[in-house]
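Close look at the chain arrangement
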Amino acid sequence: AWQNARGLTVFTKQQKLRLRDPEYKFHLEQTGEKTFVLYPVREIRRSENAGNDAKQVAITNSFDAQALQFSLRVSGPANGCVITLPDGSQIKSDNKMENGQFIICKGNQAYAADKFRKKIADLAMNRAATLPKGESKISVQFPGVQKSAKVRFEFTTWAFGTGEPVGI
């Protein structure tokens, strides 16, 4: 889509200036032969340590409420993980996790993945995960870790803004 849009020179000067903003990434969908929709994306990354006690991760979504999309990558071995979402629901993994493995959530599905993000196992969800507008918290816990031990993790979530039509 990006190559097609560039080839058709569909971006206005104002859009090109916004595309340079380092605070945002952008997602482009091609909707027709010469039409596209451009979405601003805010990537939010947090690196923390957690163990038997849950560690809360604060997230600010300046866009409207939307499906929650995140990845959690561990930097060490863990015997499972419990992630408590902003609405209080949980995603639990009893799988043994190795350095570099992920738990990935894409709104209505969650799964454990290897270091290349290839699915290892589906994880149960009671309902679709949502990212509310404004401030929210997600907590991460690694049960079964020795009392004084901690597991380092990187939590990344993406918040999508309203799409803007682009094209001829």
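So, a few notes on the structure that sits alongside this text. (Residues numbered from 1 in each chain as written. Predicted model: local features only at pLDDT ≥ 70, side-chain atom pairs only at ≥ 80, totals over all residues. Heavy atoms only, no water.)

1. Quick word on the environment of Lys 137
In plain terms, the rule: Runs of E in the DSSP output that reach at least two residues are strands. Runs of H or I that reach at least four are helices, and both are numbered from the N terminus. Between buried and exposed lies partly exposed: a residue is buried under 20% and exposed over 50% of the maximum accessible area for its type, with that area taken using a 1.4 Å probe on protein chains only. Residues count as neighbours in contact if any of their non-hydrogen atoms are within 4.5 Å of one another.
Along the chain, the position of Lys 137 falls in strand S12 (residues 134-141). Residue Lys 137 is classed as partly exposed on the basis of its relative accessible area of 47%. Residues within four places of Lys 137 in sequence aside, it is in contact with Gln 56, Val 57, Ala 58, Thr 84, Leu 85 and Pro 86.

2. With respect to the pattern of salt bridges
Quick note on the threshold: Here, a salt bridge means any Lys or Arg side-chain nitrogen found within 4 Å of an Asp or Glu carboxyl oxygen.
In total, this model carries 8 salt bridges according to the counting rule given. With a shortest N-O distance of 3.4 Å, Glu 43 and Lys 25 are connected by a salt bridge. Taken together, the residues Glu 43 in strand S2 (residues 35-50) and Lys 25 in strand S1 (residues 25-30) connect sequence positions 18 residues apart. Looking at Lys 25, the relative accessible area reads 43%, which means it is partly exposed. Salt-bridge contacts for Glu 48 lead to Lys 55; the nearest nitrogen and oxygen are separated by 3.6 Å.

3. Details of the environment of Asn 49
Stated formally: For the purposes of these results, a polar contact is taken to be a pair of N or O atoms within 3.5 Å, where, inside protein, one atom must be able to donate a hydrogen and its partner to accept one; residues adjacent in sequence count only when each atom of the pair is a side-chain atom.
Considering the arrangement of structural elements, one finds Asn 49 in strand S2. In the structure, Asn 49 is positioned 91 residues away from Val 140 in sequence and 9.1 Å away in space, judged by C-alpha atoms. Not counting residues within four places of it along the chain, the set of residues in contact with Asn 49 comprises Lys 55, Lys 150, Val 151, Arg 152 and Phe 153. Side-chain polar atoms of Asn 49 contact the side chain of Arg 152, separated by 3.4 Å.

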